[in-house]
Structure formats: C-alpha cells, structure tokens
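Now for the letters of each chain:
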Amino acid sequence: MRWDTIWLNASLATLDPGTGSGGYGGIVDGAVAVRDGRIAWVGPRSELPVGWRAELELDCGGGWLTPGLIDCHTHLVYAGSRAGEFEQRLQGASYEEIARAGGGILSTVRATRAADHDRLLQESARRLQALGAEGVTTVEIKSGYGLDTASESRILRVARQLGPICGMTVKTTLLGAHALPPEYAGRADEYIALVCEEMLPAVGAAALADAVDAFSETVAFTPQQVARVFETARTLGLRVKLHADQLSDSGGAALAAHFRALSADHLEYSSEEGVESLAQAGTVAVLLPGAFYFLRETRAPPIAALRARGVPLALASDCNPGTSPCSSLLLMLNMACTLFRLTPAEALAGVTRSAAQALGLADEVGRIAVGLRADLACWEVSHPTELAYAFGANPCTGRYIGGVAMPR
Ligand code: NIG
Ligand code: FE
C-alpha cells in the first residue's frame, strides 16, 4: 500500500453513516490515507494494512479529524456595513420596516454597486479567510447585492476569484431575485422578466453560477414570481434553492420542493405540509440560526417535524450585512444547539455531510470515506462535541483540500 499522505495520532469524526460509532461516525485512534487527492484508506490505526508506506506522515497531536467544514449559504461578497440599521432595530424598527423604507438589502446594493473591484474583493476575502481559519474548505457564495445583470455578474466573478485566493472551494449562486432594485420600484413583474430574459441567460452563458436562488417573502417576491425564475433556471439546466418562510409562511417549502430544490433555507414559518413536501422531494433544510438570533426571531423552524420526516438538516452562517454579519461557522454549531435544540452531532453533520448534500456535492465532500476528496480539518479537542459546546473559541489546527494543507 503506497499513499501520498497519512494522518496519524488522531481520532476521526467521519460523519459517514457506514463507518465508526455514534452520531459522529467516530473512530478513536484512527488513520486516514490519501492518494491523488482522494481518501484511499480510513479506519482504526490498529487495522492499517501491513507494509503501508506514505510519502508524508502527519501527526495530529492526539486531536480529532473531521471532514473540512462546508458553509452552504452565504452572501459574503458585499461592500459596506449596516451597523446603523442595527441601531435602528435596537430602537424598535423592524427588518421589514427598514426594507420598505428603501434600506435593508437595497442599502447594501447601493454600497456594492459603488465599490470598485479591488475593494469588493478585499472586503469579501477577509470574511472568507475568517471562515477558513475555522476549518471551512467549501463555501457557497450568493450574488444578490447587484440586482442588474452587470452587477450580479461582477459579484459572481469576484466570488469565483476568491476561491484560489483564499484556498477554498467556492460554489456560486445567482440570487437576482433577492429584492426589487430602486429603478424597478412598483414594477416587480418587469424586474422578474429582466431576471429571466436577460440576467439568467447571461450568467448561464458565462457559466458564472452553479445554482439559482430567490427570496420568497412579502418584502421580496411572490411564489408566482419565484416560480417564473425557477422555470427559467430549469431550462438552463441549473438547480435551484430558496430563501423560504423566513419571516412569514408563503408556502416557500412546498414551492422549493415542487422544483426539486437542492435546499430550502431558513424555514422558521414553514408548515407541517411544507415539511412533508421537502421530505418527499429529498430537499435539504438549511437552518440559519445567525439570522434567527440577529433578528431576535421567536419562532424556531419546525425542527421536530423535519427530524421526524428524515429531512437532512444542514447549517450555515448566512454571512450577510443585514441579518447575520458573522463569519464564524463554529458559532452556528453552538447556536443551532442552544436556539434550535439540535444535538451537537446533528450540528456537525449540518456543516459537513448535509451541507455537502445541500450543494449537490454529497459524493465529493462532507464525509471521511474512501473515494471522497481529502478535504479535512484537524482540531485540538478531546471530543467533537466540544466544537458545538464552546463558543468564541477556535481549536482548528489544520485545514486540507484534496490532501493539501491550506492557509488558515
Ligand atoms: O438570508 N433573507 C434574505 N436575504 C438575507 C438577508 C439579506 C440582507 O438583509 O442583506 C438572509 O437573511
Ligand atoms: Fe440568506
């Protein structure tokens, strides 16, 4: 047996249902070997094949190895800050009131349109690097702060550029139907026509997006308008996902399921029927406790129903300036447990195995299993539960993509 690299002196949280024990797929004192960037062997060290050899032996110092973390829902390419709106909300204004008065998403659209390329790249790189420091190896980045074809395309190009700069796998999502731009005020159907007839074909032709998202909400777009966007995405061969039922129940979960969405995200106000339709469609539920916390929401997503129906629960930062100005995925593990009552093992699965599924990457990353890409994170913890238990701590000691060490 000849390998490129072997990780030793580590316990493994494989998150692979077929391996190890407990909700983590745990293997105490394990080993992981890599050849050509893929996991070639995983198991207890005591069962390593006789006569194995590796070019490089890495000592994990008795810590734990997990799959590299995956943040499957971010809006991290933007300019400016919404600290002023934070103060307004602390004085009683609601997110919807600020949005209706032309602030909210639109204030970030103004700042993002005005920012030059280098500034946008630099501000966004800082946020992506912060995620990387916590063991994140794959990130989804949405557009949605441009709201015209050129600006949305620019955001997606910046997102693509960030991957190699920060040592990160980046998946991009077009979120043209995020808010109504000021130049289309009162003409939402005309804006949706622009998204379908100009923006989506242009982004599709330039291969700038891996998926298409929309915001179905009273302050954004109706289910009918979202359906138009999703039908166009389908004709272009792009998978969809949806900001669904975040502030009210607009039937978002069922709408996402109808279009066989990769994921339905937020879901605070989703009904039992909505949950059932997600289960039938195999759509992943992406939970965003950062936005729930920051907007001081009181209604949690229907976790018990989602769990009972076997809907995979992913977890993401939602990194954005309005509802979750946060670049810590580890903090989301803690919040998912304290605010949504996930178990720490469910939370870790939410940023690995289920997050991979939410991005259509289940056969590529998200578990420590033979054949998958060797995206790994090494942690100075005595048990993986500590990743959800502590907050404001960062025990990450190493980050690897395809078996290669990445900057942290
Ligand atoms: O995921 N809900 C819509 N989009 C973002 C918020 C965007 C913003 O306020 O800038 C979210 O919460
Ligand atoms: Fe979001």
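A. Examining the overall build of the chain more closely. Counting its regular elements, the chain contains 15 helices and 16 strands. Its C-alpha atoms give the chain a radius of gyration of 21 Å, near enough to 22 Å, the size a compact globule of 408 residues would have. Once the C-alpha set of the chain is aligned to its principal axes, its extents read approximately 70 × 45 × 45 Å. Among the 408 residues that make up the chain, the fraction classed as buried is 61%. If you take every contact in the chain between residues at least 6 apart in sequence, the share linking residues at least 24 apart comes to 72%. A total accessible area of about 15400 Å² is found for the chain, and carbon and sulfur atoms account for 51% of it. Computing the positive centroid from 34 side-chain charges and the negative centroid from 44, the chain places the two 2 Å apart.

B. Structural detail: the side chain of Thr172. Along the polypeptide, Thr172 turns up in strand 8 (residues 169-177). Judged by its relative accessible area of 0%, Thr172 falls in the buried class. Here Arg160 takes part through its side chain, which lies 3.0 Å from a polar atom of the side chain of Thr172.

C. Spatial organisation of the state of the cysteines. One pass over the full model with this rule turns up 0 disulfides. Counting only cysteine sulfurs, Cys378 is the nearest neighbor of Cys60, a cysteine outside any disulfide, at a range of 3.9 Å. Residue Cys60 is classed as buried on the basis of its relative accessible area of 10%. Between Cys337, a free cysteine, and Cys326, which holds the nearest cysteine sulfur, the sulfur-to-sulfur gap is 15 Å.

D. Broad picture of the coordination of the iron ion (ligand 2). Coordination of the iron ion (ligand 2) by the protein is provided by His73 (NE2), His75 (NE2), His243 (NE2) and Asp318 (OD), with metal-donor distances spanning 2.1 to 2.3 Å. In the primary structure, the donors to the iron ion (ligand 2) are separated according to the pattern H-x1-H-x167-H-x74-D. With His73 in the loop between strand 6 (69-71) and helix 1 (83-90) and His243 in strand 10 (residues 239-244), this residue pair connects regions lying 170 residues apart in the sequence. For His73, a relative accessible area of 0% gives the class buried.

E. Structural context of the nonpolar core. Formed by 104 residues in total, the largest nonpolar core has its most connected members in Leu76, Val77, Leu128, Leu162, Val229, Leu333 and Leu348. A domain split of this core shows at least three residues from each of domain 1 (2-67 + 367-405) and domain 2 (69-358). Filtering out sequence-adjacent residues up to four positions away, Leu128 remains in contact with Leu76, Val139, Leu162, Cys166, Met168 and Val170. Of all hydrophobic cores here, the second largest spans 15 residues; its members include Ile27, Val32, Ile39 and Tyr400.

F. Quick look at unusual backbone geometry. You will see that Arg260, though not glycine, has its phi angle at about 50 degrees, which is positive. Along the chain, Arg260 falls in the loop between helix 8 (252-258) and strand 11 (263-266). At Asp318, a residue that is not glycine, the phi angle is positive and equals roughly 60 degrees. Along the polypeptide, Asp318 turns up in the loop between strand 13 (313-315) and helix 12 (329-340). What makes Asp318 buried here is its relative accessible area of 1%.

Rules of the game
- Residues numbered from 1 in each chain as written.
- Chains lettered and ligands numbered in written order.
- Predicted model: local features only at pLDDT ≥ 70, side-chain atom pairs only at ≥ 80, totals over all residues.
- Heavy atoms only, no water.
- Helix = DSSP H or I, 4+ residues; strand = E, 2+ residues; numbered from the N terminus.
- Rg over C-alpha atoms; globule rule 2.2 N^0.38 Å.
- Buried < 20%, exposed > 50% of the residue type's maximum accessible area, 1.4 Å probe, protein only.
- Contact = heavy atoms within 4.5 Å.
- Areas by Shrake-Rupley, 256 points an atom, 1.4 Å probe, with all protein chains shown as cover.
- Lys, Arg positive; Asp, Glu negative; His and termini not counted.
- Charge placed at Lys NZ, Arg CZ, Asp CG, Glu CD.
- Polar contact = N/O pair within 3.5 Å; in protein donor to acceptor, adjacent residues only side chain to side chain.
- Disulfide = S-S within 2.5 Å.
- Donors = N, O, S within 2.8 Å, 3.2 Å for Na, K, Ca; no water.
- Core = buried A, V, L, I, M, F, W, Y, C linked by side-chain atoms within 4.5 Å.
- Domains from an automatic or database assignment.

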